[in-house]
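For reference, the chains in residue letters:
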Amino acid sequence: MIEFTLNGRRVEVEWEGRWWPATVLGGRLGLSATVPFGSLGVKGNVGPIPVEDSVTTFADPILTGFLGWRSGNYHWQIGVSSYMPWGDYRYGELANIAKHRQATDVQAALTYLDPAQGIDVTNAVGFTFNAENNATHYRTGDEFHWDWGITKKWSNGVSLGVVGYFYRQLTPDSGDGAVLGDFEGEVASVGASIGYDYTLGKLPVTSRLRYYHELDVENRLQGDAVFLSTSLPLWVDTSAAR
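Residues numbered from 1 in each chain as written. Predicted model: local features only at pLDDT ≥ 70, side-chain atom pairs only at ≥ 80, totals over all residues. Heavy atoms only, no water.

### Looking at the confidence of the model for the protein
Caution applies to low-pLDDT parts of the model: their predicted coordinates are not meant to be read in detail.
Next, step 1: Taken residue by residue, the protein gives an average pLDDT of 86. The fraction at 70 or more is 88%.
Next, step 2: Considering only residues more than four positions removed or in separate chains, one finds that residues 1–8, a stretch of pLDDT under 50, has 30 contacts. (pLDDT = per-residue confidence, 0-100. Contact = heavy atoms within 4.5 Å.)

Next comes the structure, spelled out in structure tokens:
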């Protein structure tokens, strides 16, 4: 048996465009497209042999549809995301940001937002159903994830918060490439975020930097992660202002 330990450091930038086309079942229907770009560095040991790899490239784009409602300061949302295997995947390499597999994620979120106090408390849970990576013939098992955040926002558009996530693989890996067996992963993390709301012309834009430190890892790369995300609407109706 070969024993191995790997540690990773990941930095990712996400550009997200959102569009709100209609009202359905009393809720607001939204569509979004996300294009991730990032850098991943991996180093460790496979038995006595040191290994190291890094990559900076595009990951798999994400298409999402969601439906949201609100009542007072409470907002809730359901959605479905499709991960498209179009990113820059490097077959046989240790470091990869693109996963090169189709995946569908169903999610639900609940947010308490108090604009007067600038307090935002959000919890989101989801289940991801993965298809096989056609290059490696490896199918990652289905996954559960919980993301949370507590944020304070000020009138100048700056916000600070505490964030975290928990991930657990629910079913074993499979396929001809699953030579390590079930290999079910789990990880918990906690971190911090800083954000800024601003406008580009008439477009409202939100940029946020998030840092995560992983506390408990099983059958996954262990390390820290940094995400920079920018979200803006794909279109704004300014007719009401005229």
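### Section: the pairing of strand E5 (residues 74–83)
Next, step 1: Across 10 bridges, the pairing between strand E4 (residues 62–71) and E5 is antiparallel. Considered in E5, the bridge of glycine 68 is made with glutamine 77.
Next, step 2: Pairing analysis gives 10 bridges linking E5 to strand E6 (residues 103–114), with the strands arranged antiparallel. Within E6, the residue paired with tryptophan 76 across the bridge is leucine 110. (Pairing = 2+ DSSP bridges. Helix = DSSP H or I, 4+ residues; strand = E, 2+ residues; numbered from the N terminus.)

### Concerning the side chain of threonine 140
Next, step 1: Its place among the elements puts threonine 140 in the loop between strand E7 (119–130) and strand E8 (143–153).
Next, step 2: A distance of 3.4 Å separates polar atoms of two side chains, one belonging to threonine 140 and the other to arginine 101. (Polar contact = N/O pair within 3.5 Å; in protein donor to acceptor, adjacent residues only side chain to side chain.)

### Brief notes about the packing of aromatic side chains
Next, step 1: Scanning the model with the defined rule gives six aromatic pairs in all.
Next, step 2: Pairing tyrosine 212 with phenylalanine 227 gives two aromatic rings, centres 6.0 Å apart and planes at 75 degrees, and the pair type is edge-to-face. Of this pair, tyrosine 212 sits in strand E11 (residues 203–218) while phenylalanine 227 sits in strand E12 (residues 222–233), and the two are 15 residues apart along the sequence.
Next, step 3: Overall, the relative accessible area of 15% leaves phenylalanine 227 in the buried class.
Next, step 4: Through pairs of rings, three or more aromatic residues link up here, namely Tyr165, Tyr212 and Phe227. (Phe/Tyr/Trp six-rings, centres within 6.5 Å; stacked < 30°, edge-to-face > 60°. Buried < 20%, exposed > 50% of the residue type's maximum accessible area, 1.4 Å probe, protein only.)

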